[in-house]
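Residue strings, one per chain:
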Amino acid sequence: MGIHTNVTLHSKPSYTPLRQDSFNMQFITFKNLTDKGGDMCCHGIPYAEFDRTGHWGIWNFMRIFEASRHAITMKNDIFRLTFESKDYTLMTRRQKFKFGQRFHDNISLFSRFLPKVTYEVVEIGNSTFTIHQQLFDNLSGSSEIFAECLTRVVHVNLKTKQHEALNPEVIDRYSDLYGKTSAIWHVKNIFPDDVKKMPSYTMSVRVPYSDIDFMQRMSHASYCKYYTDCATNAIDAGVYRHFEQDICWYPILEVDIEYRDGLAAGEMFEVQTWQDDENLQHLFFETRSKGDVINRASFVMGLEKSKKNRHSKI
């Protein structure tokens, strides 16, 4: 799960500058690459990315940010310094998404939009680093931010399953971003303490092969597909207050996800959801497999339902 790259270094690692500041892949172009980030430009939004309401599905949108993180991180030579042997890897532990109102108003199957995702390393800790990504419209060239994401990545020992300190050369290279205490991740709890006392809805799923990424684990973006499915089922079952229809008709304004483990194809898991007792906008989700928590998430929802075929709803 997350960014898994096993690299064996047979001698003391040293920093090697990027050999190129741009490259092309299928449907996307990467530009302005540096040791701290770069830009990913997409040549449109594929038809298959739109959801059952005719708008950009949240799980598909999140894949754009996921692709940017994977590709730019793998291309950036400085990250090779985080690996001392095949026993170490990088894993995504936390993500926070925010969506501007124009994201919901302007991006749909019937509009023209060329996604441009910027990627920047903004913070380094003893065993973690944080990536900041933003979504722009490359067609208009506007500086307006349609969506953004903060992702916390940790350096993990695969044998002990514990966090391990980053290579000192990484911290030295990013000394201007280093901080022992995170200024970004000071809010640690995804759930309120009393969430288990609220009415809830639970659904069971077997991980389909179509949700598996190239590291043979269920992709991060796929979890949000099941969050929204579970939310719609909760609406049908009368568990949520206020919401009356498919959750995709209501704009998601914020998403906060904590990842603890991953899932492989064929594994069974449960998704449970609650709605905050006091604030109708707050929805909570927990994914479990064999009794273990895989991840937790909270959504901040817009309360006004969008009009059919006029606004995007994710």
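Since the model is a prediction, treat every value here as computed from it, not as a measurement.

1. Quick word on the pattern of salt bridges
And step 1. Going through the model one piece at a time under the given rule, you end up with 12 salt bridges.
And step 2. The salt bridge involving Arg102 is made with Glu144; its shortest N-O contact spans 3.0 Å. Placement of Arg102 in helix α2 (residues 101-106) and of Glu144 in the loop between β6 (128-137) and β7 (147-157) is noted, with a sequence separation of 42 residues between them.
And step 3. You can call Arg102 partly exposed: its relative accessible area is 38%.

2. Here we look at helix α4 (residues 220-236)
Since the α-helix packs 3.6 residues into each turn, any two residues three or four apart lie on the same face.
And step 1. Between its terminal C-alpha atoms α4 stretches 26 Å, which fits the 24 Å expected from 17 residues at 1.5 Å a residue.
And step 2. Burial analysis of α4 places 13 of its 17 residues in the buried class, the great majority of the element.
And step 3. Taken from the residues just after α4, Gly238 is the one with a positive phi, measuring 80°.

3. Some thoughts on the nonpolar core
And step 1. Among the nonpolar cores identified, the biggest contains 72 residues, and Trp56, Phe61 and Leu135 are the most heavily contacted of them.
And step 2. The element contributing the most residues to this core is α4, with 9 residues.
And step 3. Among all residues touching Phe61, those that are not within four sequence positions of it are Trp56, Phe97, Phe99, Phe103, Leu135 and Ala147.
And step 4. If you look at the next biggest cluster of nonpolar residues, it comprises 6 residues, including Ile190, Phe191, Val195 and Met198.

4. A closer look at the pairing of strand β10 (residues 252-259)
And step 1. Alignment of strand β4 (residues 88-99) against β10, held across 5 bridges, turns out to be antiparallel. Looking at the pairing, Gln95 lines up with Ile257 of β10.

5. Structural notes on the packing of aromatic side chains
And step 1. Under the defined criterion, the tally for this structure stands at 19 aromatic pairs.
And step 2. Geometrically, the ring pair formed by Trp56 and Phe61 is edge-to-face, given 5.1 Å between the ring centres and 85° between the ring planes. Like Trp56, the residue Phe61 is buried in the burial classification.
And step 3. Consider the rings of Phe65 and Phe97, whose centres lie 6.3 Å apart with planes at 15°: the pair is stacked.

6. Focus on the environment of Thr130
And step 1. Checked against the element boundaries, Thr130 lands in strand β6.
And step 2. The class for Thr130 is buried, based on a relative accessible area of 0%.
And step 3. For the pair Thr130 and Trp185, spaced 55 residues apart in sequence, the C-alpha separation works out to 9.4 Å.
And step 4. Excluding residues that lie within four positions of it along the chain, Thr130 makes contacts with Glu120, Val121, Val122, Glu123, Leu150, Thr151, Arg152, Ile184 and Trp185.

7. Description of the environment of Val117
And step 1. Mapping Val117 onto the fold places it in strand β5 (residues 115-124).
And step 2. On a C-alpha basis, the gap between Val117 and Cys42 in space is 8.4 Å, while along the polypeptide they are 75 residues apart.
And step 3. Contacts of Val117, omitting those with residues within four sequence positions, involve Gly38, Asp39, Met40, Ile64, Phe65, Ser68, Gln133, Gln134 and Leu135.

Thresholds applied
Residues numbered from 1 in each chain as written. Predicted model: local features only at pLDDT ≥ 70, side-chain atom pairs only at ≥ 80, totals over all residues. Heavy atoms only, no water. Salt bridge = Lys/Arg side-chain N within 4 Å of Asp/Glu carboxyl O. Helix = DSSP H or I, 4+ residues; strand = E, 2+ residues; numbered from the N terminus. Buried < 20%, exposed > 50% of the residue type's maximum accessible area, 1.4 Å probe, protein only. Expected span 1.5 Å × (residues − 1). Core = buried A, V, L, I, M, F, W, Y, C linked by side-chain atoms within 4.5 Å. Contact = heavy atoms within 4.5 Å. Pairing = 2+ DSSP bridges. Phe/Tyr/Trp six-rings, centres within 6.5 Å; stacked < 30°, edge-to-face > 60°.

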